[in-house]
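# Coordinate analysis (summary)
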Amino acid sequence: MKQVHNFNAGPCILPKPAVQAGIDALNNFADTGMSVIEISHRSKEWEPVMADTVALWKELYNIPEGYHVLFLGGGASTQFFTVPYNLLEKKAAYLDTGVWANKASKEAKFFGEVEIVASSKADVYNHIPKGWTIPADADYFHITTNNTIYGTEIKHDLDSPVTLVADMSSDFMSRRVDVSKYGLIYGGAQKNVGPAGVTVVIVREDILGKVSRPLPTMVDYRTHISGESMFNTPPVFSIYVMHETLKWIKDIGGLVEIERRNKEKADLLYSEIDRNPMFKGTVIDREDRSLMNICFVMEDKYKDKEQDFLQYAKDNGMVGIKGHRSVGGFRASCYNACPLESVQALVKCMQEYAV
Ligand SMILES: *Cc1c(COP(=O)(O)O)cnc(C)c1O
């Protein structure tokens, strides 16, 4: 197989052992002589996978009592409306830090008043807004912890006077999180914890059942709590590979080790971006720099070389480093499974190109 350095933004690189386990289970799942996609999700072979995946989430994230871990379909985008459906009675507050945050707030407007506490949209989301306050009369406050397109990240757990809701799609399981500070956390699996097709929701039960509107069955989180994520057929293959991805995280040392690796990779790449006279970072406040999606451009006087560098990087095995069309330049997504060697190879490319 061709050796590449995979910096795709999502879907993206997954741990090799998890991908291999998926291939094996497609051939012969748990010695059943059948593929994991050919058996009932009610079978005795499948049930332990489901239970163990929940247990791994709880263990790795140190999830306290009172929370449920759900595996749903529809992607994070479906949560954009499911969250307000379940939680918005009068007013919700949103922090506008990027395209995904903005999309989430737009969906909430179908259900009630939405207050945008702050926005960095006018600056093409090149920082996380500072100095705002969370309205105490909001039903919840929604944040996007990592802004995949712009490379900004809220790397600490906020204190909120109202229920805190977070879209963690692109920094799920990338660091330790104090789950007790959140009422609800959600994310699509495909950026850090598995293949596309499964969405993880971590919800504190006591925030549910407070809105007066009737909820369609599938939209109501309580349906999936009581059905243990099997009210309807769950995305079995995606869950299987997620299970193997979480096992890999645990095997290498859990979130302490993941955090250490992610910092090491990001430090290496950011220091090259800052040192190399041809490149510069796009995020203006250094404290906001994402450890997951590292965005940079060429200095103004080298702007016309961006295409050429992309080609050079491609010729050297780099995949997926073209920046999102709204930002331009480059974006190296250094998710959990991205090895240090890939970041070293990219840094080498930047150094060789600049001489
Ligand atoms: C990718 C992404 C989404 C969209 O996820 P889907 O599962 O494709 O709906 C939402 N939020 C963030 C932060 C993302 O990175």
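All values reported here derive from a predicted model rather than from experimental measurement.

## Focus on the nonpolar core
- Counting 52 residues, the largest nonpolar core has Trp 46, Trp 57, Tyr 61, Phe 141 and Ile 202 as the members making the most contacts within it.
- For this core, the element with the highest residue contribution is helix α6 (residues 236–252), accounting for seven residues.
- For Trp 46, the residues in contact, after removing those within four places along its chain, are Phe 29, Val 36, Ile 39, Ser 40, His 41, Met 230, Val 236, Ile 239 and Tyr 240.
- With 32 residues, the next largest nonpolar core counts Ile 13, Leu 269, Ile 321 and Tyr 353 among its residues.

## Here we look at the packing of aromatic side chains
- Tallying each qualifying case throughout the model produces 18 aromatic pairs.
- Considering the side-chain rings of Phe 309 and Tyr 353, the 5.1 Å spacing of their centres and the 70 degrees angle between planes classify their relative orientation as edge-to-face. Within this pair, whereas Phe 309 is found in helix α8 (residues 306–315), its partner Tyr 353 is found in helix α9 (residues 340–354), the two being separated by 44 residues in sequence.
- Under the relative-accessibility criterion, Phe 309 is labelled buried at 0%.
- What links up through ring pairs into an aromatic cluster is the set Phe 279, Phe 296, Phe 309, Tyr 312, Phe 330 and Tyr 353.

## Considerations on the site of the ligand
- Near the ligand there are 13 residues, and of these Ser 77, Thr 148, Asp 167, Gln 190 and Lys 191 occur at the shortest range.
- Asp 167 has a polar side-chain atom sitting 2.6 Å from a nitrogen atom of the ligand.
- Residue Lys 191 places a side-chain N or O atom 2.6 Å away from an oxygen atom belonging to the ligand.
- Grouping the constituent residues of the shell around the ligand by class yields three nonpolar, eight polar and two charged.

## With respect to the packing of helix α3 (residues 75–87) against helix α4 (residues 99–108)
- Taken N-terminus to C-terminus, the directions of α3 and α4 make an angle of 40 degrees; their axes are 8 Å apart at the nearest point. Of the possible angle classes, the one that applies to α3 and α4 is oblique. In this structure, α3 meets α4 at a crossing whose hand is right-handed. For the pair α3 and α4, contact is made by Ser 77, Phe 80, Phe 81 and Pro 84 and by Trp 100, Lys 103, Ala 104, Glu 107 and Ala 108, respectively.
- Of the residues that constitute the contact of α3 with α4, the class distribution is six nonpolar, one polar and two charged.

## Some details on the domain arrangement of the protein chain
- Annotation of the protein chain at the domain level lists domain 1 (16–251) and domain 2 (254–354).
- For domain 1 versus domain 2, the separation of C-alpha centres amounts to 27 Å.
- Opposite the 27 residues of domain 1 that make contact, domain 2 presents 28 residues.
- Interface area, domain 1 with domain 2, both sides summed: about 2300 Å², of which 53% is carbon and sulfur.

## A word on α8
- If you check which residues of α8 are buried, you get Glu 306, Phe 309, Leu 310 and Ala 313. Across the axial projection of α8, the buried residues extend over an arc of 105 degrees, all falling on one side. Among the exposed residues of α8, those pointing more than 90 degrees away from its buried face are Gln 307 and Asp 315.
- Buried residues along α8 sit in contact with β11 (279–281), β12 (293–298), β13 (318–319), β14 (330–333) and α9.

## Observations concerning the side chain of Ser 35
- Turning to its location among the elements, Ser 35 is positioned in the loop between α1 (16–27) and α2 (47–60).
- Polar contacts involving the side chain of Ser 35 include one to the main-chain carbonyl oxygen of Leu 26, which spans 2.8 Å.
- Once you skip the residues sitting within four places of it in the chain, Ser 35 turns out to touch Ala 25, Leu 26, Asn 27 and Phe 29.

## Some points on a positive patch on the surface
- Side chains of Lys 103, Lys 106, Lys 109, Lys 121 and Arg 325 sit close together on the surface and give a patch of like positive charge.
- If you trace the backbone, Lys 109 turns up in the loop between α4 and β4 (113–119).

## Details of unusual backbone geometry
- Omega for the peptide link from Gly 10 to Pro 11 comes to -10 degrees, which places this bond in the cis form.
- Relative to the elements of secondary structure, Pro 11 occurs in the loop between β1 (5–6) and α1.
- Even without a glycine there, the phi angle at Met 173 is positive, about 55 degrees.
- Locating Met 173 in the fold gives a position in the loop between β8 (163–167) and β9 (184–188).

Quick notes on the rules
Residues numbered from 1 in each chain as written. Predicted model: local features only at pLDDT ≥ 70, side-chain atom pairs only at ≥ 80, totals over all residues. Heavy atoms only, no water. Core = buried A, V, L, I, M, F, W, Y, C linked by side-chain atoms within 4.5 Å. Buried < 20%, exposed > 50% of the residue type's maximum accessible area, 1.4 Å probe, protein only. Helix = DSSP H or I, 4+ residues; strand = E, 2+ residues; numbered from the N terminus. Contact = heavy atoms within 4.5 Å. Phe/Tyr/Trp six-rings, centres within 6.5 Å; stacked < 30°, edge-to-face > 60°. Near = heavy atom within 4 Å. Polar contact = N/O pair within 3.5 Å; in protein donor to acceptor, adjacent residues only side chain to side chain. Nonpolar A, V, L, I, M, F, W, Y, C, P; charged D, E, K, R; others polar. Axes fitted to C-alpha atoms, helices over the stretch in contact; angles between N-to-C directions. Parallel < 35°, antiparallel > 145°, perpendicular 65-115°, else oblique. Left-handed = near helix turned anticlockwise from the far one by under 90°. Domains from an automatic or database assignment. Buried area = accessible area lost by both parts, 1.4 Å probe. Arc of directions from axis to C-beta. Patch = residues over 30% accessible without salt bridge, like charges linked within 9 Å, V, L, I, M, F, W, Y side chains within 5 Å. Areas by Shrake-Rupley, 256 points an atom, 1.4 Å probe, with all protein chains shown as cover. Salt bridge = Lys/Arg side-chain N within 4 Å of Asp/Glu carboxyl O. Lys, Arg positive; Asp, Glu negative; His and termini not counted. Charge placed at Lys NZ, Arg CZ, Asp CG, Glu CD.

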